[in-house]
Amino acid sequence: MNPIQNLAPLPSTPAPIVGAPASKVSYLRAVPGVDGEAAADDLILREHLQEILAARKLSALFQPIIQMQSGEIIGYEGLIRGPSDSPLHAPMNLFKVARANRLTPEVEHLCRQVVLERFAELDLPGKLFLNVSPECLLLHNEPHGQTLEFIERLGINPERVIIELTENQPTYDYELMREAVLHYRQMGFQIAIDDLGEGFSSLRLWSELRPEYVKIDMHFIQGINHDPVKLQFVRSIQEIAEKSDTLVIAEGIEAQTELLVLRDLGVAFGQGYHLGRPNAVPARALPAEVMKALGSNGVAVYPRRSGLEKNAVTIFKLLHRVQAVPPTMNNNEVYEIFLKEPKLLIIPVVDNDVPLGLISRFEMIDHFARPYQRELYGKKSCKLFMDATSLIADKETSLQDLSFIMVQADAHHLFNGFIITDQGRYLGMGTGHDLMREITQMQINAARYANPLTLLPGNVPINEHIDRLLHSGTRFWVCYCDLDNFKPFNDVYGYRKGDDVIQLTGEILSRHCDANRDFIGHIGGDDFMILFQSEDWETRCNAILEQFAAGILDFYSIDDRERGGYISEDRQGKKVFYSLISLSLGAIKVEARQYYTHHQIATAAAEAKKQAKKIHGNSLFLDRRQEAQGHPRKPA
């Protein structure tokens, strides 16, 4: 079996269509129940498509694909357009009508022929990505060798042609697909899979065909600088690609911020309007501003994940398979189950998969220990000792939601646990102990990634970003931010107001940072850290100090504001005058190969902060000891 030579030239006129209608009238009669006006429109589009095929009324456009690290254009994707004044101008409409009239192979062949001829005519550099649908790749009724003859006649080396598989419908015959791909590889072509993450079976195709390239669908690219889920998706695809010797192409790049995030993730190639729009005569070099951005040593600021995502984990994680009993079982039988299984504390009662309640081991033993209770109730239904108010929750309920419900409910539910269902059908049990343990662990983990008070990144992402900056070799500034006289303020004005001050500090710091270049993190308590790539970092710091000095006044009484502070007891019980809260900023400049770990950075920044705190009031201190001995500086 020889797979189709799917790049073969078309005959000068399209192949006749079996059963083509002789007239509009016969067509309408052949389709009973079809609206006459719609059928007439379909016929017009069919005739228009046949005219396009016969007169070769298609034009080729080319969009550049770049190497992300160097900015070099490594090739172009060939795109097609119908006549500009035609309803079939857009390729989506063109192929929709082609499929409706069973002309997809003819249209695809002409499209690829037009693209190849124009690519050769323009003498474009690099590779050509040529769109091919799997359904046409699998056709096997064409003569052998015409593909190679055609492109060689145009003077194109087959090693420069990438067959880009684009799915319009599901692919099922993977064995036949592998044979077809092998055939084209033997002729020198390489393979790419288009729209990874969007198609019907693109991940399966990747596994089966092991392509040289995969293109990530633009949905996962656009806005990646703001969406941690998209970031994780692309990062995972990149990791798989590295292990399978596949090169990743990110489609749909429309902003510089997206471009820099993708570059930092290690994505090899990029494509999109920000790099170059489809054009009949495409550019052979990137715009100067794009080259400048790619040439910078800085790193992009990754989107951060929230600390404790409301619906991140469900109670299904806590499921224990516990054998239930029917309501027809009597209390003596349930009691025997408890006696045989000493570790069993709770038995659920379920009637035809519907949970009714829970029987507690201690409740039953307590009843049976009383005089005459077993004789009176032993043969009665176990529902008698059942707690019918037990907590029942669907498996998709989040841990946080159930935790809130359990805290509001009676205390015994924490001990008894809860029933887990799947759309009302009994699945098993969860314990209050497991729920509290999981919630606590989630909060501990979340605090490492984001501070729950300010929702700013915590220690783990701070250290990760420092490591990325060090690895990039870029110059940056580290600013350690700390509040002065914060503890006595808490003692006098209360912790609630103290939390408000910390939130105000986080908001002011964030307001004066460039979200695409500067990273702000909350170390804990009243300590923050800013990692500046902005060259005007000092101006930003002075603006921070100025706004903080004005904003902090709102947290004091009129009398304390007027006297510039307040009297409170220190730790030894002595009356001490404390000034208003001020903000100290200790900064260090980091050049390439000056530091090697985030631990070294943290130590140097902490020392700069100590020097800043020696200055009365709101202050900025830049440690210049790596350059020359300096002195503290205060804003004007």
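Keep in mind that this is a model prediction, so the values were computed, not measured.

Peer 1: I'm lost on a nonpolar patch on the surface in this one. Help?
Peer 2: A contiguous nonpolar patch, built from Leu345, Phe362 and Phe415 and spanning about 290 Å² of accessible area, is present on the exposed surface. In this fold, Leu345 is placed in the loop between α12 (331-340) and β9 (346-351).

Peer 1: Would you take a moment to explain the environment of Lys230 for this structure?
Peer 2: Tracing the backbone through its elements, the reader meets Lys230 in helix α9 (residues 228-243). Along the primary structure Lys230 and Pro303 are separated by 73 residues, whereas in three dimensions their C-alpha atoms are 9.5 Å apart. When residues no more than four places from it in sequence are discounted, the contact partners of Lys230 are His219, Phe220, Gln222 and Ile224.

Peer 1: Would you mind going over helix α23 (residues 598-613) with me for this structure?
Peer 2: For an α-helix the count is 3.6 residues per turn, leaving residues at separations of three or four pointing the same way. Between its first and last C-alpha atoms α23 spans 22 Å; for 16 residues at 1.5 Å apiece the expected length is 22 Å, and the two agree. For α23, the full list of buried residues reads His598, Ile601, Ala604, Ala605, Ala608, Lys609, Gln611 and Ala612. Down the axis, α23 shows its buried residues gathered within 160 degrees of arc, on one side only. Among the exposed residues of α23, those pointing more than 90 degrees away from its buried face are His599 and Thr603.

Peer 1: Looking at this structure, how should I read the nonpolar core?
Peer 2: Membership of the largest hydrophobic core comes to 75 residues, with the highest contact counts inside it found for Phe62, Leu94, Val107, Val234 and Leu262. By residue number, the principal contributor to this core is helix α4 (residues 104-122), which donates eight residues. Formed by 34 residues, the second largest nonpolar core is a distinct cluster that contains Ile530, Trp537, Ile544 and Leu585.

Peer 1: Explanation requested: unusual backbone geometry in the structure shown.
Peer 2: Glycine aside, residues mostly have negative phi angles, and peptide bonds mostly take the trans form. One non-glycine residue, Arg56, lies in the positive phi region at around 55 degrees. Along the chain, Arg56 falls in the loop between α2 (36-55) and β1 (59-67). In this model, Asn352 sits at a positive phi of 50 degrees, which is unusual for a non-glycine residue. Mapped onto the elements of the fold, Asn352 is located in the loop between β9 and β10 (354-360).

Peer 1: Just checking my understanding: could you explain the packing of α9 against helix α10 (residues 256-265) for this structure?
Peer 2: If you want to describe how two helices pack, look at the angle between their axes and the distance between the axes. Close contact between α9 and α10 brings their axes to 10 Å; oriented N to C, the two are set at 35 degrees. The crossing of α9 and α10 is right-handed. Between α9, through Leu231, Val234, Arg235 and Gln238, and α10, the contact on the second element is made entirely by Val261, Leu262 and Leu265. Residue composition of the contact of α9 with α10, grouped by class: five nonpolar, one polar and one charged.

Peer 1: How should I be thinking about the packing of aromatic side chains in this particular structure?
Peer 2: Following the criterion strictly, the structure yields 16 aromatic pairs and no others. An angle of 45 degrees between the planes, with centres 6.1 Å apart, marks the rings of Tyr213 and Phe269 as tilted. With Tyr213 in strand β6 (residues 213-216) and Phe269 in strand β8 (residues 269-270), this pair connects stretches of sequence that are 56 residues apart. Exposure class is identical for Tyr213 and Phe269. Each is buried.

Peer 1: Where do I start with the pattern of salt bridges in this structure?
Peer 2: Should the charged atoms of two oppositely charged side chains come close, the side chains can pair. Applying the stated criterion to the full structure yields 28 salt bridges. Of the charged contacts, one joins Lys215 and Glu164 as a salt bridge, the two residues approaching to 3.0 Å between their closest N and O atoms. Residue Lys215 is found in strand β6, and its partner Glu164 is found in strand β4 (residues 161-165); the two are separated by 51 residues along the sequence. Of the residues examined, Lys215 reaches a relative accessible area of 0% and is grouped as buried.

Peer 1: It is not clear to me how the sheet that holds strand β16 (residues 527-532) should be interpreted in this structure. Could you clarify?
Peer 2: Strand pairs in the sheet, formed through backbone hydrogen bonds, run parallel or antiparallel to each other. Pairing is mixed in the open sheet, where five strands are placed in the order β15-β16-β14-β19-β20. Strands at the two margins of the open sheet, each flanked by one partner only, are β15 (519-524) and β20 (619-623). Between one strand axis and the next, the sheet turns through 20 degrees on average, direction left out of account. Sheet strands touched by helix α18 (residues 459-472): β14 (476-484), β15, β16 and β19 (582-590). Its angle to β15, the strand with the most contacts, is close to 140 degrees.

Peer 1: Please clarify how the sheet that holds strand β12 (residues 418-422) should be interpreted in this entry.
Peer 2: Spatial ordering of the open sheet is given by β11-β12-β13, a layout of three strands whose pairing is mixed. Looking along the sheet, the strands with just one partner apiece sit at the ends: β11 (391-394) and β13 (425-430). If you compare each strand with its neighbour and ignore which way they point, the axes differ by 35 degrees on average. In this sheet, β13 lies alongside β12 in antiparallel orientation, the contact comprising five bridges. Looking across to β13, one finds that Ile419 is bridged to Met429.

Peer 1: Could you clarify how one ought to interpret the side chain of Thr454 in this entry?
Peer 2: Mapped onto the elements of the fold, Thr454 is located in the loop between α17 (432-449) and α18. Among all residues touching Thr454, those that are not within four sequence positions of it are Ile502, Gln503, His522 and Phe528.

Definitions and limits used
Residues numbered from 1 in each chain as written. Predicted model: local features only at pLDDT ≥ 70, side-chain atom pairs only at ≥ 80, totals over all residues. Heavy atoms only, no water. Patch = residues over 30% accessible without salt bridge, like charges linked within 9 Å, V, L, I, M, F, W, Y side chains within 5 Å. Areas by Shrake-Rupley, 256 points an atom, 1.4 Å probe, with all protein chains shown as cover. Salt bridge = Lys/Arg side-chain N within 4 Å of Asp/Glu carboxyl O. Helix = DSSP H or I, 4+ residues; strand = E, 2+ residues; numbered from the N terminus. Contact = heavy atoms within 4.5 Å. Expected span 1.5 Å × (residues − 1). Buried < 20%, exposed > 50% of the residue type's maximum accessible area, 1.4 Å probe, protein only. Arc of directions from axis to C-beta. Core = buried A, V, L, I, M, F, W, Y, C linked by side-chain atoms within 4.5 Å. Axes fitted to C-alpha atoms, helices over the stretch in contact; angles between N-to-C directions. Left-handed = near helix turned anticlockwise from the far one by under 90°. Nonpolar A, V, L, I, M, F, W, Y, C, P; charged D, E, K, R; others polar. Phe/Tyr/Trp six-rings, centres within 6.5 Å; stacked < 30°, edge-to-face > 60°. Pairing = 2+ DSSP bridges.

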